[in-house]
Amino acid sequence: MKLISWNVNSLNARKQLVTMFLDAVAPDVLCIQELKLPDDRVPTDIFTERGYHVAVHGQPRWNGVLIASKAPLADVHKGLPDGDEGQSRLIAATVDGVRIVNLYCPQGQAEDSPKFQYKLRFFDALIDWIDASAAPSDALVVTGDINIAPRAHDIWAPDRFKNVPSFHPLEHARWNRLIEWGLIDALEPRMKPGTYTFWDYRGGAFYRNNGMRIDHFLVTDPINQRVASGKVHRDWRKKKTSPDGEKLTASDHAPVEMVISASA
């Protein structure tokens with residue numbers, strides 16, 4: 001099963017790019033974050049015309065998450081109780097016996113911002129929800145834009161980002177609680193240190209490789225034993241040209257891939 005996580009930074013703006021990606025890469029499951037569209041405006045036809053089943057948890061202008069799967073989606077769940085505070089940041093479904101949780105976690109803005117306190121509350125609620133709804137022995141994948149760079153080599157200038165959201169010790173404490181619960185950073189040992197998933201649009205960050213690894217696949221051991229490979233589709237962070245010659249601007253995130261075998 002080939003799973004892709006991708007923060008597209010507006011599905012409306014990136015519709016043609018996502019369509020090209022589906023045709024080129026053909027993931028079995030695609031988890032999208034930051035739709036920035038209400039449910040009734042999500043272009044689900046680009047998925048259904050290619051044989052995908054789709055579950056959407058959208059929101060006008062902001063946030064929004066989606067799971068598209070070639071296999072049927074079962075037990076779809078939307079929202080993080082007592083954690084998302086009305087923002088569309090979590091959707092979950094079961095695909096071929098694998099429970100997939102797709103997240104768009106808050107960024108936090110600044111250490112002294114109310115948005116950072118919201119981020120911490122969100123993670124506290126997420127940890128409680130995972131503990132209440134799953135077990136480490138389950139076949140569980142938690143993926144998406146987690147908005148945490150967990151290690152120094154996951155951010156281009158760790159000294160500059162000391163106590164800055166996405167690389168803050170209070171976030172690392174929440175990350176560690178997820179690991180202690182039983183989740184495993186599946187792709188970290190399968191990637192060269194300094195492999196990033198996000199680059200700011202400003203200051204030529206992408207071409208300088210001033211990035212962060214903040215998009216993740218966290219999995220339980222039954223899934224980790226089945227992980228065959230993982231990679232970042234870095235080329236899809238570059239501008240593309242559509243078949244009709246239109247210049248397409250990329251998201252500031254690259255798609256992240258994890259492949260799991262049918263059995264361990």
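Residues numbered from 1 in each chain as written. Predicted model: local features only at pLDDT ≥ 70, side-chain atom pairs only at ≥ 80, totals over all residues. Heavy atoms only, no water.

Draft legend 1. Looking closely at the overall build of the protein. Helix and strand counts for the protein stand at six helices and 16 strands. Over its C-alpha atoms the protein spans a radius of gyration of 17 Å, differing by no more than 12% from the 18 Å that the globule rule assigns to 264 residues. If you line up the protein on its principal axes, its C-alpha atoms span 45 × 45 × 35 Å. Partitioning the contacts of the protein with sequence separation of at least 6, the portion at a separation of at least 24 is 70%. Only carbon and sulfur atoms are counted for the fraction: they give 48% of the accessible area of the protein, which is about 11200 Å². (Helix = DSSP H or I, 4+ residues; strand = E, 2+ residues; numbered from the N terminus. Rg over C-alpha atoms; globule rule 2.2 N^0.38 Å. Contact = heavy atoms within 4.5 Å. Areas by Shrake-Rupley, 256 points an atom, 1.4 Å probe, with all protein chains shown as cover.)

Draft legend 2. Here's a closer look at the packing of helix H3 (residues 114-133) against helix H4 (residues 169-181). H4 packs onto H3 with a crossing angle of 5° between their chain directions and a minimal axis gap of 10 Å. When the axis of H3 is compared with that of H4, the two are roughly parallel. Touching Phe-116, Lys-119, Leu-120, Phe-123, Asp-124, Ile-127, Asp-128, Ile-130 and Asp-131 of H3 are Leu-170, Glu-171, Arg-174, Arg-177, Leu-178 and Trp-181, all from H4. Its residues placed into classes, the contact of H3 with H4 shows eight nonpolar, no polar and seven charged. (Axes fitted to C-alpha atoms, helices over the stretch in contact; angles between N-to-C directions. Parallel < 35°, antiparallel > 145°, perpendicular 65-115°, else oblique. Nonpolar A, V, L, I, M, F, W, Y, C, P; charged D, E, K, R; others polar.)

Draft legend 3. Structural view of the environment of Leu-80. Within the secondary structure, Leu-80 is located in the loop between strand S5 (74-78) and strand S6 (90-95). Leu-80 gets classed as buried once you look at its relative accessible area, which sits at 2%. For the pair formed by Leu-80 and Leu-126, sequence separation is 46 residues and the distance between their alpha carbons is 6.9 Å. (Buried < 20%, exposed > 50% of the residue type's maximum accessible area, 1.4 Å probe, protein only.)

Draft legend 4. How the structure looks around H4. With 13 residues, H4 should cover 18 Å at 1.5 Å per step; its first-to-last C-alpha distance of 18 Å lies within 8% of that length. When we look at burial in H4, the residues that qualify are Glu-171, His-172, Arg-174, Trp-175, Leu-178 and Trp-181. Looking at the packing, one finds that the buried side of H4 touches H3, strand S8 (140-145), strand S9 (184-185) and strand S12 (215-219). Gly-182 sits one or two residues past H4 and shows a positive phi near 140°. (Expected span 1.5 Å × (residues − 1).)

Draft legend 5. A look at the pattern of salt bridges. In this structure the tally under the stated criterion is 13 salt bridges. With a closest N to O distance of 2.9 Å, Asp-185 and Arg-151 form a salt bridge. With Asp-185 in strand S9 and Arg-151 in the loop between S8 and H4, this residue pair connects regions lying 34 residues apart in the sequence. Arg-151 sits in the partly exposed class, given a relative accessible area of 27%. The shortest N-O distance in the salt bridge between Arg-213 and Asp-154 comes to 2.8 Å. Highlighted residues: Arg-213 in the loop between strand S11 (211-212) and S12 and Asp-154 in the loop between S8 and H4, separated in sequence by 59 residues. Judged by relative accessible area, Arg-213 falls into the buried class, the value being 3%. When its relative accessible area of 2% is taken as the criterion, Asp-154 is described as buried. Residues joined in a network through salt bridges with shared partners are Arg-151, Asp-154, Asp-185 and Arg-213. (Salt bridge = Lys/Arg side-chain N within 4 Å of Asp/Glu carboxyl O.)

Draft legend 6. Representation of the sheet that holds strand S7 (residues 98-104). Spatially, six strands are ordered S5-S6-S7-S8-S12-S9 in an open sheet, and the strand pairing comes out mixed. Edge strands, defined here as strands with exactly one partner in the open sheet, are S5 and S9. (Pairing = 2+ DSSP bridges.)

Draft legend 7. Quick peek at the sheet that holds strand S13 (residues 227-232). Taken in spatial order, the six strands of this open sheet run S3-S4-S2-S1-S16-S13, and their pairing is mixed. Among the strands making up the open sheet, the edge pair consists of strand S3 (53-57) and S13. When the angles between neighbouring strand axes are averaged without regard to direction, this sheet yields 10°. Relative to strand S4 (residues 65-69), strand S2 (residues 29-33) runs antiparallel, the two being bridged by five bridges.

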